[in-house]
Amino acid sequence: MSSTKNVTDLSKYIMTLPETEISLLSMIFISFIVGAIGFLIDLVPGSSNLHDILYGGANGVLVLGFTSIMAGAITQPWVNSLGGRKMKMKQSMFLAFFSMLIFSIIYLGGCLASSILKSDLILDSIIIASAVIFGFRLLVIWGTSNISFTSSTLISSVQPLLIVSMNVVVAVLSLTTNVGYFSVIGFFLKMLVASVILILAIYSFVMVVESPMRRNLGVGSLEFLSLFLSHITEDSPELENIFSEIGEPVDTLAGVVAFRRGTDVKAILISPSVHPGPIGTIGGANMPTILSGRFSEFTMVAHGPSTHDFNPVSVKELEKVEAAVREALDDMEYHETASEFRRYTRNSASIGVQFFGEDMLMLATLAPEGFDDIEFSVGLSMMNLARSKCGSENVVVVDCHNSFQGETGRILAGNPEMFDLLDAVELVECPSDYHRLRVGCARRTGKFSKEDGVGESGIMAMVVEAGDQRTAYVLLDSNNMVMGFRDEIREEIMKLDVHEAEVMTTDTHFVNTLSGGHNPVGKQKRDEIKNEIVMAVSEALDDLEEVSAGCRVVRIKGLHTLGPTNSTELVSTISSIVAVSRLIAPLIFVLAIIFVFAWVFWA
């Protein structure tokens, strides 16, 4: 398993939490059920089942439900007052609810063991349950809130202390319980020592997983996790500060194709060799939408050859991409004619080529075979080779990014797929005929969400008519697409009055803040998406009008990115932490639980 896959697999633990009201109602309902079951197991011998259900249920709501709700209400403002990651009330209440579930399971296990063994183990189970939920809350709050260990310890103790205190009050005041009088001091002492054992275990574990990232990247794992969760839950941009500290400047390229109607630009196709990552709205993750929104013209931001090494460290860095595009537009030389669209293949590699004057637009894909990002060096090699073929000063290369295989599908220097792409470029024939040019554009947004694999820029279509040939360029604001979906879309498009078509994705990482990490378009709503694409192409056909076209490739200087060194370092460090945690965590926590049991039952 690759380092990148190790990290990507963590995204399956991302989940959407229920609203506060659901957690509240669940705590009341489940605490009643737990209390009733506990009494039905015969906590109070000789009583009727109805008495056990009603009295036990009420006892459960009082001891477990209300105290857990109080803990949730106290935890959220306390955490927020300490200046760490802002906690939402629904997060606090869900933590309280889940902790109550853990307590309930251990408590009911004690009731069942007491009934089977004819021995009073209920108090011991309450001590163990209190220590366990204390340890669980400490691990969650300290690990995600970016507050001190001492503060996390105090906040984590709220729920178990409230539950135990209410247990003591009910036990002392109850006239029907068979628990009898017990030493409150001894009870709390047992719970304190059990909690200390878990504190030591958690602290040891965190120190083990904290040191690799702090040593390699200068930032602690807990701080990184906290800021990552802040972005996922609150869209906080603070994670960019860490990326800015560890990033490095690079020079890269942006290819621009512009279509002018008279003296006004009608449409722009941008292919920046800047990767739209890493996730959500951090760095360049939503670059296709942000960049297109900065131009008043119809603008398609395709995926240029680049990998995660070229992720901008902040949204501000996109100003450099915008500046380079504007420079290209200011220095653009327009041509009245274009060649027809031609496709060249070598093994699984396919490139679609269209000339505007002497300049070239080249679309690269390996579909229907699966692939992911084409590395910048591979794209640069394709540009240079294409320049030598027909004397094109500007060659704009687009990575169609349209057949998802996963991180293992990246096309890097030296891969066989690289040579297939270069061999396909070698097949390119210089056009002998040029034709008058017409272009039509259309965009459809708002119908799909990131859950459907479609970002904020929606679906864009541009039809280029050169002579009698019409070519549909379709761009989805998505992070790749399910293998085979591209061919399904092309089949539908070809039913219209077009002769060629290519379907691309922007590789936006705006859609990747969901469980599972990768979220290629085509997993769901396939028919609806195809219908929208057909409508977009139809609207673009209706929009056809005569234009001139120009191509320009410009350098983006000093773009602050994660960089190949730090990107690899970050992924490999997180991967190593995950690998170590899978070995260390069970060992540390199993030993800690054994010591807790030994202390509670035999001390």
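Residues numbered from 1 in each chain as written. Predicted model: local features only at pLDDT ≥ 70, side-chain atom pairs only at ≥ 80, totals over all residues. Heavy atoms only, no water.

So, about the overall build of the protein. A tally of helices and strands in the protein yields 17 helices and 14 strands. In the protein, of all internal contacts separated by at least 6 residues, the share reaching a separation of at least 24 is 78%. A total of about 24200 Å² of accessible surface is found on the protein, and carbon and sulfur atoms cover 59% of it. (Helix = DSSP H or I, 4+ residues; strand = E, 2+ residues; numbered from the N terminus. Contact = heavy atoms within 4.5 Å. Areas by Shrake-Rupley, 256 points an atom, 1.4 Å probe, with all protein chains shown as cover.)

Another aspect to go through is the packing of aromatic side chains. Across all of its chains, the model carries 11 aromatic pairs by this definition. Relative to Tyr203, the ring of Trp142 has its centre 5.8 Å away and its plane inclined at 5°; by these criteria the two rings are stacked. Pair noted here: Trp142 is in helix α5 (residues 122–145) and Tyr203 is in helix α8 (residues 184–217), with a separation of 61 residues, a long-range link. The class of Trp142 is buried, set by a relative accessible area of 9%. Residue Tyr203 is classed as partly exposed on the basis of its relative accessible area, which comes to 36%. On the numbers, 6.0 Å between centres and 80° between planes, the contact of Phe341 with Tyr473 is edge-to-face. (Phe/Tyr/Trp six-rings, centres within 6.5 Å; stacked < 30°, edge-to-face > 60°. Buried < 20%, exposed > 50% of the residue type's maximum accessible area, 1.4 Å probe, protein only.)

Our focus in this paragraph is unusual backbone geometry. Cis geometry marks the peptide bond from Ala367 to Pro368; its omega dihedral reads 10°. Relative to the helices and strands, Pro368 is located in the loop between β7 (359–365) and α13 (376–390). Residues other than glycine seldom take positive phi values, yet His401 does so here, at roughly 50°. Relative accessible area serves as the criterion here: at 0%, His401 is assigned to the buried category.

Turning to the pattern of salt bridges, a few remarks are in order. Taken as a whole and assessed by the stated rule, the structure comprises 30 salt bridges. In this structure, Arg552 and Asp331 form a salt bridge, with 2.6 Å as the shortest nitrogen-oxygen distance. Here the residue Arg552 occupies a position in strand β14 (residues 548–561), and Asp331 occupies one in the loop between α12 (318–330) and β4 (337–338), the gap between them amounting to 221 residues. For Arg552, a relative accessible area of 19% puts it in the buried group. A relative accessible area of 45% places Asp331 in the partly exposed class. (Salt bridge = Lys/Arg side-chain N within 4 Å of Asp/Glu carboxyl O.)

Of the residues in the protein, 88% reach a pLDDT of 70 or more, and the chain-wide mean stands at 86. In the predicted structure, residues 1–8 sits below a pLDDT of 50 and forms 16 contacts with residues beyond four places in sequence or in another chain. Below a pLDDT of 50 lies the segment residues 176–182, which in the model reaches 10 contacts outside its immediate sequence neighbourhood of four places, other chains included. (pLDDT = per-residue confidence, 0-100.)

Once that is clear, we can look at helix α15 (residues 485–493). Burial in α15 covers these residues: Phe485, Arg486, Ile489, Arg490 and Ile493. Buried residues of α15 fall within an arc of 135° about the axis and therefore sit on the same side. The secondary structure elements touched by the buried residues of α15 are β5 (342–346), β7, β11 (469–476), β12 (500–505) and α16 (526–542). (Arc of directions from axis to C-beta.)

This part covers the nonpolar core. In this structure, Phe259, Ile351, Phe356, Met362, Met382, Leu421 and Met462 are the most contacted members of the largest nonpolar core, which totals 80 residues. For Ile351, the residues in contact, after removing those within four places along its chain, are Arg342, Arg343, Tyr344, Met362, Leu363, Ala364, Met382, Leu421, Ala424, Val425 and Val428. Phe94, Met100, Phe103 and Val209 belong to the second largest nonpolar core, which has 55 residues in total. (Core = buried A, V, L, I, M, F, W, Y, C linked by side-chain atoms within 4.5 Å.)

Take the side chain of Ser157 next. By the element assignment, Ser157 lies in the loop between α6 (149–156) and α7 (158–173). Here Leu154 takes part through its backbone oxygen, which lies 2.6 Å from a polar atom of the side chain of Ser157. (Polar contact = N/O pair within 3.5 Å; in protein donor to acceptor, adjacent residues only side chain to side chain.)

Our next topic: the sheet that holds strand β2 (residues 264–272). Strand order in the open sheet made by the 4 strands is β3-β2-β1-β14, with mixed pairing throughout. Since the sheet does not close on itself, it has two edges, and those belong to β3 (298–301) and β14, each with one partner. Direction aside, the axes of adjacent strands within the sheet are offset by 20° on average. With 4 bridges connecting them, β2 and β3 associate as parallel partners. Bridging across to β3, Ala267 finds its partner in Phe298. Seen against the sheet, α12 touches β1 (248–261), β2 and β14 and runs at an angle of roughly 150° to β14. (Pairing = 2+ DSSP bridges. Axes fitted to C-alpha atoms, helices over the stretch in contact; angles between N-to-C directions.)

This part covers the pairing of β11. In terms of burial, β11 is a largely internal element, 8 of the 8 residues being buried. Side-chain alternation along β11 places Gln469, Thr471, Tyr473 and Leu475 on one buried face and Arg470, Ala472, Val474 and Leu476 on a second face that is also buried. Two successive antiparallel strands, strand β10 (residues 459–466) and β11, enclose a turn made up of 2 residues, where Gly467 displays a positive phi of approximately 70°. Where β11 meets β12, 6 bridges bridge the pair, whose relative direction is parallel.

Our next topic: the packing of α5 against α7. When two helices pack together, their arrangement is captured by the angle between the axes and the distance separating the axes. At their nearest, the axes of α5 and α7 sit 8 Å apart, and the two run at 160° to each other. Taken together, the axes of α5 and α7 lie roughly antiparallel to each other. Regarding α5 and α7, the two cross each other, and that crossing is right-handed. Two secondary-structure elements touch here, α5 through Ile126, Ser130, Ile133, Phe134 and Arg137 and α7 through Gln159, Pro160, Ile163, Val164 and Asn167. The class makeup of the residues in the contact of α5 with α7 is 6 nonpolar, 3 polar and 1 charged. (Parallel < 35°, antiparallel > 145°, perpendicular 65-115°, else oblique. Left-handed = near helix turned anticlockwise from the far one by under 90°. Nonpolar A, V, L, I, M, F, W, Y, C, P; charged D, E, K, R; others polar.)

This part covers the state of the cysteines. Counted under the stated rule, the structure contains 1 disulfide. Two residues share a disulfide in this structure: Cys390 and Cys430, whose sulfurs sit 2.0 Å from each other. Torsion about the S-S bond of the Cys390 and Cys430 cystine: about -100°, corresponding to left-handed handedness. Taken as a pair, Cys390 in helix α13 and Cys430 in the loop between α14 (416–426) and β9 (435–444) lie far apart in primary sequence, 40 residues in all. (Disulfide = S-S within 2.5 Å.)

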